[in-house]
Amino acid sequence: MRTTTKSLQRATLMAGAIVVSLSVGSARAAEEHQVEQFHEEPPILGTLLIDRFEHRWRDGENSIDWDVQGWVGGDTNKIWFNAEGSKPVDGEVEEAEFQLLYSRMTSEFWDAQIGIRHDVRPQPQTTYGVIGFQGVAPYFFDVTAQLFVSEDGDFSARLEAEYDLLITQKLILQPVAEVNVSAQRVEELHIGPGFNDIELGLRLRYEVVREFAPYIGVHWERKLGETADIARDHGEDASDVSFVAGVRFWF
Amino acid sequence: MHTARHGLSRRDALKLAGAAGLAGIITVYPGRRVFAAADQSLNLAVERTRITIDGETSGAISIGGSIPAPTLRWREGQEVVIHVTNRLDEGTSIHWHGLLLQGIMDGAPGFNGFVPIGPGETYTYRFKLRQAGTYWYHSHSASQEQEGMYGAIVIEPAGRDPVRADRDYVVLLSDHTPENPENVLRKLKVSEGYYNNNKRTLVDFFRDAQRDGLGATINDRLAWGEMRMDATDLADVTGYQFLVNGKGPRDNWTAVYNPGERVRLRIINGSAMSIFDVRIPGLPMTVVSADGQNVVPVKVDEFRFGVGETYDVIVMPTEDNPFTFFAESIDRTGYARGTLATREGMEGEIPERRPRANLTMADMAMAPGMDHGSMAGMDHGNMPGMDHSNMPGMEQGSMAGMDHGSMPGMDHGSMEGMDHSNMPGMDHSAMPGMKQDATGSKEQAMGWGDAGTPPGAKALSYADLKALSKTTDLREPTQEIEVQLTGMMARYIWTINGQKFEEGTPIRVAYGDRVRIRFVNTTMMAHPMHLHGMFVELENGQTDRMPKKHVVLVPPGQATTVQLTANEPGEWPFHCHLLYHMASGMMTRFIVEPRTASL
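Residues numbered from 1 in each chain as written. Chains lettered and ligands numbered in written order. Predicted model: local features only at pLDDT ≥ 70, side-chain atom pairs only at ≥ 80, totals over all residues.

As recorded in an unreviewed UniProt entry, chain B goes by the name Copper oxidase, listed as coming from Skermanella aerolata.

Below, the structure written as structure tokens:
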């Protein structure tokens, strides 16, 4: 029974991916047709942002953490890539998540996104379907909201918001907040139903040039509810504070 | 019209040019090549080159071997033939900006059957000059214009020139970036505020709070934040060197005069992206022509200069002093500078720099969904720079979607090019942020239209322009076309009526019809709107002497109306002349359709 559900989920994800690639293809073909009337091709652009690449010092084991995003595409349709993860300084990678999404402009400030998430770590590796949106909310909050359904049929969600506060043209304070929610207990991943955790960060960066900015900051994570209990049962702290230093750069 | 008058009446330039033309040769006059006219045929090659500005060398593209390209001096009525050879490894084109000609000769790829001139190919343009005045030419392919493909055209009238001058200089302004233009566009698309180094900061917040009060400052920031707009967004691209005839401020292009002479400056804004405020401190300018078309002379101290526009001015320096020609970009990131002097090597003083303006809510007046009555954070009482209540004919309640045509008491004549400094009831000194500091210079200009013009100085407004000859077609327009200037700043997508060029519906008018075009600028940026093939006539309050323009600068949050007679059949490009706006979609087709046989 379990296996059937799993393969069914896999098939659904595959179908989703195919639909995504087809729609991107046809949009591009339409654009090409229109281009013939004129000399300028609508540019296919791309960018890669290493938003966080940092060392975290904490009471316990220090780690290297990263958060990367990028896209390739035009104004309306983009292939979107997200990656984040964490590795103890002296150890194996503990968390590594990758997302490949089709991103489509739905309004001036918002993109709707659909695609696949694959977590290489923690073990066991898990694949999810992703649907969500990404954009700029009023008052210039950068927001990403995503709903996940795992290959086992587990539902979870994540909301991230960040804000750039310009102290000067080059010195920028960036508060970040993230919450994770799960619809059910997932024993392999040590999470319970309800709110799993909340993360708050505050980073102060200096843009030497727009594309390159070293930063320092603090990062605080707190596991919540049953997820916190599970952590304590495993002899871990439910909350974690770290000082961070890293670089933000993009191409 | 086409008397072949070779007896040139002017001194200097024209005699020389004429003589050279008669001999059918190319000569060199004030630092640039002059192709004059008798055989009316010339060759221009387009090729990659290097340009050195103020000692810095970067890549560029030249037409005819120089940047700017050679000034083409022609005479009204002549038939000219230009062989353009493309030595690039990409397609190119040359568009004759402002000239009335047959569609295919207009040189805009994808329009009127014109295809790009391929690498190694030579294309022959041939057209008859049906007008006189100052115009220019530039590439209409990709971003080649930004890389140096622009030059001036001077067409002498067939008859007597109503403008008398002893000296005649072209002053071609441009902006040069060492960056690859494609990279500039990519950065704008990836991170729209990339080039804005004057965003509002926490430091500004505290300064404004001290000056305007904490409540007003918070409300102001909330209003901008709610719209996700940036009050400091005056220019999309910075990092430019601003040039006068290809020379940077330190290279100091110089025009020589003898005291007492009348000097005609043919000023052309050949920039890709830069709108300028132009002045010559100590020397009033008499505007005699706008966009190549003569106007009733009007004396001004300065003018705001949209991309693609031209103004001819007469100056009469009587003393043996150097005067500085000064053109500051409206975002105040730099200036183009030249000198008028009695001999080469003299330098005038660099005038005090003008303050940079912040946009105000008034610059948002045409934004969709802008409900002035209920807008959050829109406290008119304490909004810095916002005083609509005193604007004549501006009715707050019905601003959004208001119908200018039928609104009683709505005087277009005084609205267009609305001169804020002279507006009755606009008490700038009482506005927060407008306080004069001890030295008398303003610390902050408020609103797009505020050029920082000092009290008593006269800045040209569109309302001042009056055509020298009478409007020939006085029929009431039978068709009214609304052209919404739209865009998504955050994504760097610019559109007309919400549609990018590739997806847009063309504008269609019938041959011979009189048409009114109403531009409604819903964005926070000014758009210099350029129509190929025909002049438009500004509805600026003149009844029978509406000035003719090929570029109309539509300020943010405002509506501007023009009329035209659709007497040039073809498919004409109709676009914003800010190069990266055009490249990201702000263009459409303006089709003048022949009347069908049945009609």
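Further notes follow.
Caption draft 1: Broad picture of the overall build of chain B. Along chain B, the regular secondary structure elements total six helices and 34 strands. When burial is assessed residue by residue, chain B has 52% of its 599 residues classed as buried. Sequence-distant contacts in chain B: of pairs separated by 6 or more residues, those separated by 24 or more amount to 76%. (Helix = DSSP H or I, 4+ residues; strand = E, 2+ residues; numbered from the N terminus. Buried ≥ 20, exposed ≤ 12 C-beta atoms within 10 Å, placed from the backbone. Contact = placed C-beta atoms within 7 Å.)

Caption draft 2: Representation of the overall build of chain A. Each helix and strand counted, chain A has two helices and 13 strands in total. A total of 251 residues make up chain A; the buried ones form 22% of that total. Taking all contacts inside chain A whose residues are at least 6 apart in sequence as the whole, residues at least 24 apart take part in 44%.

Caption draft 3: Quick look at the domain arrangement of chain B. Residue and element names in this part refer to chain B. For chain B, the assigned domains read domain 1 (12–161), domain 2 (164–179 + 237–354), domain 3 (197–231 + 359–446) and domain 4 (479–593). Once you take the C-alpha centre of each, domain 1 and domain 2 turn out to be 21 Å apart. Taken together, the 23 residues of domain 1 in the interface contact 26 residues of domain 2. It is strand 9 (residues 133–138) that provides the largest number of residues to the side of domain 1 that touches domain 2, a total of five residues. Of the residues belonging to the side of domain 1 that touches domain 2, the class tally is 11 nonpolar, nine polar and three charged. (Domains from an automatic or database assignment. Nonpolar A, V, L, I, M, F, W, Y, C, P; charged D, E, K, R; others polar.)

Caption draft 4: Spatial organisation of the environment of phenylalanine 195 of chain A. All names here are of chain A. Along the chain, the position of phenylalanine 195 falls in strand 11 (residues 194–206). For phenylalanine 195, a count of 17 C-beta atoms within 10 Å gives the class partly exposed. For the pair phenylalanine 195 and leucine 100, spaced 95 residues apart in the sequence, the C-alpha separation amounts to 25 Å. Dropping the residues within four chain positions of it, phenylalanine 195 is found in contact with Val179, Val181, Leu224 and Gly225.

Caption draft 5: Structural context of the pairing of strand 12 (residues 241–244) of chain B. Residue and element names in this part refer to chain B. Neither face of strand 12 is exposed, since Gln241 and Leu243 on one face and Phe242 and Val244 on the opposite face are all buried. Examined bridge by bridge, strand 11 (residues 167–176) and strand 12 share four bridges and lie antiparallel to one another. Looking across to strand 12, one finds that histidine 176 is bridged to glutamine 241. (Pairing = 2+ DSSP bridges.)

Caption draft 6: Up close: the sheet that holds strand 31 (residues 551–554) of chain B. Residue and element names in this part refer to chain B. Ordered by their spatial adjacency, five strands build an open sheet running 26-34-33-28-31, and the pairing between neighbours is mixed. Looking along the sheet, the strands with just one partner apiece sit at the ends: strand 26 (507–510) and strand 31. Sheet twist, expressed as the average angle between the axes of neighbouring strands with direction ignored, equals 20 degrees. (Axes fitted to C-alpha atoms, helices over the stretch in contact; angles between N-to-C directions.)

Caption draft 7: Quick peek at the UniProt feature "domain: Plastocyanin-like" (unreviewed entry) in chain B. Residues and elements named next belong to chain B. If you check UniProt for "domain: Plastocyanin-like" (unreviewed entry), the listed places come out as residues 46–158, 231–341 and 476–594 in our numbering. Taken end to end, residues 46–158 is 0% helix and 48% strand, and its first and last C-alpha atoms sit 30 Å apart. Between the first and last C-alpha atoms of residues 231–341 the distance is 39 Å; the span itself is 0% helix and 51% strand. (UniProt positions renumbered as here; feature names shortened; annotations may be inferred.)

Caption draft 8: Just the nonpolar core, in detail. Grouped together as the largest cluster of nonpolar side chains are 149 residues, with contacts concentrated most on Ile153 and Leu173 of chain B. Apart from the residues within four sequence positions on either side, isoleucine 153 of chain B is in contact with Leu72, Trp74, Trp96, Tyr135, Trp136 and Tyr137 of chain B. The next biggest cluster of nonpolar side chains, apart from the first, holds seven residues, and it includes Trp71, Trp80, Leu101 and Val130 of chain A. (Core = buried A, V, L, I, M, F, W, Y, C linked by C-beta atoms within 7 Å.)

Caption draft 9: Quick peek at the interface of chain A and chain B. If you look at the interface, chain A gives 24 residues, while chain B gives 26 residues. Listing elements by their share of the side of chain A that touches chain B, those giving two or more residues are helix 1 (2–35), strand 1 (45–58) and strand 9 (165–166) of chain A. For the side of chain A that touches chain B, the element with the highest residue contribution is helix 1 of chain A, accounting for three residues. Taken together, the residues of the side of chain A that touches chain B break down into 13 nonpolar, six polar and five charged.

Caption draft 10: Local environment of the confidence of the model for chain B. Residues and elements named next belong to chain B. When pLDDT is averaged across chain B, the result is 84; 80% of the residues are at 70 or more. Scored below 50 in pLDDT, residues 1–38 shows 60 contacts in the model against residues more than four places distant or in partner chains. Predicted confidence for residues 371–441 stays below pLDDT 50, and this span has 107 contacts to residues more than four positions away or in other chains. Predicted complex metrics record ipTM = 0.83 and pTM = 0.84. (pLDDT = per-residue confidence, 0-100.)

Caption draft 11: Here's a closer look at the environment of phenylalanine 141 of chain A. All names here are of chain A. Mapping phenylalanine 141 onto the fold places it in strand 7 (residues 141–150). A C-alpha to C-alpha distance of 6.3 Å links phenylalanine 141 and alanine 161, two positions 20 residues apart in sequence. Not counting residues within four places of it along the chain, the set of residues in contact with phenylalanine 141 comprises Ala161 and Tyr163.

Caption draft 12: Representation of the sheet that holds strand 16 (residues 285–290) of chain B. Residue and element names in this part refer to chain B. The sheet built from six strands is open, its strands ordered 12-11-14-19-16-17 with mixed pairing. Each of the sheet's edge strands pairs with one partner strand only, and the pair in question is strand 12 and strand 17 (293–300). The mean angle between the axes of side-by-side strands here comes to 25 degrees, regardless of whether they run parallel or antiparallel.

Caption draft 13: Summary view of the confidence of the model for chain A. The pLDDT averaged across chain A works out to 87; a share of 83% of its residues lies at or above 70. Segment residues 1–39 of chain A is flagged for pLDDT under 50; beyond a separation of four residues in sequence, or across chains, it makes 37 contacts in the model.

Caption draft 14: Structural context of helix 2 (residues 181–190) of chain B. Those residues of helix 2 of chain B that sit buried are Val184, Leu185, Lys187 and Leu188 of chain B. Seen end-on, helix 2 of chain B carries its buried residues on one side only, within an arc spanning 160 degrees. (Arc of directions from axis to C-beta.)

Caption draft 15: Here's a closer look at the packing of helix 3 (residues 202–212) of chain B against helix 4 (residues 214–227) of chain B. All names here are of chain B. Interhelical geometry of helix 3 versus helix 4 gives an angle of 130 degrees and a closest axis separation of 7 Å. Classified by the interaxial angle, the pair formed by helix 3 and helix 4 is oblique. Here Phe205, Asp208, Ala209 and Asp212 of helix 3 come into contact with helix 4, specifically with Leu214, Ala216, Thr217 and Arg221. (Parallel < 35°, antiparallel > 145°, perpendicular 65-115°, else oblique.)

Caption draft 16: Highlighting the pairing of strand 32 (residues 559–565) of chain B. Residues and elements named next belong to chain B. The buried count for strand 32 comes to seven of seven residues, which makes it a mostly enclosed element. Relative to strand 32, strand 29 (residues 536–538) runs antiparallel, the two being bridged by two bridges. Note that in strand 32 the partner of glutamate 537 across the bridge is glutamine 563.

Caption draft 17: Quick peek at unusual backbone geometry. Across the junction of arginine 121 of chain A and proline 122 of chain A, the peptide omega takes the value 0 degrees, indicating a cis bond. Mapped onto the fold, proline 122 of chain A is located in the loop between strand 5 (110–121) and strand 6 (126–137). Between isoleucine 67 of chain B and the following residue, proline 68 of chain B, the backbone shows a cis peptide bond with an omega angle of -5 degrees. Along the chain, proline 68 of chain B falls in the loop between strand 4 (56–63) and strand 5 (69–75). Phi at alanine 142 of chain B is positive, roughly 45 degrees, even though this residue is not glycine. Along the chain, alanine 142 of chain B falls in the loop between strand 9 and strand 10 (150–156). Although it is not a glycine, asparagine 252 of chain B adopts a positive phi angle of roughly 50 degrees. Following the sequence through the fold, asparagine 252 of chain B ends up in the loop between strand 12 and strand 13 (253–256).

Caption draft 18: Region of the structure containing the environment of leucine 173 of chain A. Residues and elements named next belong to chain A. You can see leucine 173 is positioned in strand 10 (residues 171–182). Overall, the presence of 16 C-beta atoms within 10 Å leaves leucine 173 in the partly exposed class. Put simply, leucine 173 and glycine 225 are 52 residues apart on the chain and 30 Å apart in space, counted from C-alpha to C-alpha. Look past the residues within four positions of leucine 173 in its chain and what remains in contact with it is Leu165, Ile167, Leu202 and Leu204.

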